[in-house]
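For reference, the chains in residue letters:
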Amino acid sequence: MSNQLDQFLKRAEAMLARLEAILPPAVATPDWQASTAFRWRKRGHTGILQPVPRPAQIAFDDLQHIGRQKAQIEQNTRQFVEGRPANNVLLTGARGTGKSSLIKACLAAFAPQGLRLIEVDKADLRDLPDIMDLVAGRPERFVVFCDDLSFEEGESGYKALKVALDGSVSAVIDNVLIYATSNRRHLMPERMSDNATYKHDEDGDLHPGETVEEKISLSERFGLWLSFYPFKQDDYLGIVAHWLAAFGCSVPQIADARAEALQWALQRGSRSGRVAWQFARDYAGRLK
């Protein structure tokens, strides 16, 4: 009888060992003192929060001609770090107009008050529950940052993000917000065929069908929408002048750069803040 029991226990231990090899390992607790910014990185079947050694230092004052958007996200983030109610934020619109930079500026401004940033790639959004478990109960305030977000139909991260924004059976974690940028207002492709799903009721009111409702339901879960638009020529030149001054150019040098700055933008087909910054780096570098 004793031999049979020993054999049974050995088989049970061997089975447990095989199960442990199959199951993903527990998520490691990060070193929260290592940085104010982290990236979620996959390692096999699990992920880790990897500290960013040198987070981007972008000041609100460096972001020009988006004053309304800047004021709204700054106020929302201030409410959040002070423990007051605040909203998840969706920043949409023209490329290169400062959407991502604005989120990084929030970190630079509010990190001393306990704000932390966690960057998550779209492909890893299915891991949001693991990330939430890691930060729940921490004294810091966390912004989960999803850059250039958009979904194709059927992607797994779509539903994971919906759950994170609204909560599931468990309550929404009060020390986490989601800030996302996208070129699409509704985060999913919109097609002409979607218009066929609209229907009129007896009163003549127009109502979207299920396909359209599904596509707008995710963006509606963000409490604050910030829209960004292409810059006018004078705005673009103003941004160029700001960055040239930051790189040490004199007033006459900035004035002389005007024609080249316009030509630079024409060649790239865009008068965005990113293009202005790139031109300023090139022009200032050639003067040194």
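I will try to describe carefully the structure that is included in this document. (Residues numbered from 1 in each chain as written. Predicted model: local features only at pLDDT ≥ 70, side-chain atom pairs only at ≥ 80, totals over all residues. Heavy atoms only, no water.)

### Describing the sheet that holds strand β4 (residues 115–119)
The sheet built from 7 strands is open, its strands ordered β2-β1-β4-β5-β6-β3-β9 with mixed pairing. Of all strands in the sheet, those with a lone pairing partner are β2 (46–51) and β9 (224–228), marking the two edges. On average, adjacent strands in this sheet sit at an angle of 25 degrees to one another, irrespective of strand direction. The sheet contacts of helix α3 (residues 99–110) involve β1 (37–43), β3 (89–93), β4, β5 (141–146), β6 (176–182) and β9, and relative to β4 the element is tilted by about 145 degrees. With respect to the sheet, helix α4 (residues 128–135) is in contact with β1, β2, β4, β5 and β6, its orientation differing from that of β1 by roughly 130 degrees. (Pairing = 2+ DSSP bridges. Helix = DSSP H or I, 4+ residues; strand = E, 2+ residues; numbered from the N terminus. Axes fitted to C-alpha atoms, helices over the stretch in contact; angles between N-to-C directions. Contact = heavy atoms within 4.5 Å.)

### So, the pattern of salt bridges
Here the structure, examined in full by the defined rule, presents 8 salt bridges. Ionic pairing is found between Glu82 and Arg84, a salt bridge with its closest N-O pair at 2.7 Å. You can call Glu82 partly exposed: its relative accessible area is 49%. A salt bridge links Arg138 to Glu140; its shortest N-O distance comes to 2.8 Å. Classification of Glu140 as buried rests on a relative accessible area of 10%. Through salt bridges with shared partners, a single ionic network connects Glu260, Asp282 and Arg286. (Salt bridge = Lys/Arg side-chain N within 4 Å of Asp/Glu carboxyl O. Buried < 20%, exposed > 50% of the residue type's maximum accessible area, 1.4 Å probe, protein only.)

### Describing the packing of helix α2 (residues 67–81) against α3
Between α2 and α3, the least distance of the axes is 10 Å, while the angle of their chain directions is 45 degrees. For the element pair α2 / α3, the angle class is oblique. Between α2 and α3 the crossing geometry is right-handed. Only Leu102, Ile103, Cys106 and Phe110 of α3 make contact with α2, whose side of the interface consists of Gln69, Lys70, Ile73, Glu74, Thr77, Arg78 and Val81. Residue composition of the contact of α2 with α3, grouped by class: 6 nonpolar, 2 polar and 3 charged. (Parallel < 35°, antiparallel > 145°, perpendicular 65-115°, else oblique. Left-handed = near helix turned anticlockwise from the far one by under 90°. Nonpolar A, V, L, I, M, F, W, Y, C, P; charged D, E, K, R; others polar.)

### Structural notes on the packing of aromatic side chains
Counted under the stated rule, the structure contains 5 aromatic pairs. Ring plane angle 70 degrees and centroid distance 5.4 Å describe the contact between Trp32 and Phe38, whose orientation is recorded as edge-to-face. Overall, Trp32 belongs to the buried group, its relative accessible area being 8%. Residue Phe38 is classed as buried on the basis of its relative accessible area of 1%. A network of ring pairs unites the aromatic residues Trp32, Phe38 and Phe142 as a single cluster. Over the ring of Trp264 we find Arg268; its NZ or CZ atom is 3.7 Å from the centre of that ring. (Phe/Tyr/Trp six-rings, centres within 6.5 Å; stacked < 30°, edge-to-face > 60°. Lys NZ or Arg CZ within 6 Å of the ring centre and 35° of its normal.)

### What to know about unusual backbone geometry
Even without being a glycine, His65 presents a positive backbone phi close to 65 degrees. Here His65 is to be found in the loop between β2 and α2. His65 sits in the partly exposed class, given a relative accessible area of 42%. Despite not being glycine, Asp148 has its phi angle at roughly 55 degrees, a positive value.

Read these as geometric descriptors, not functional statements.
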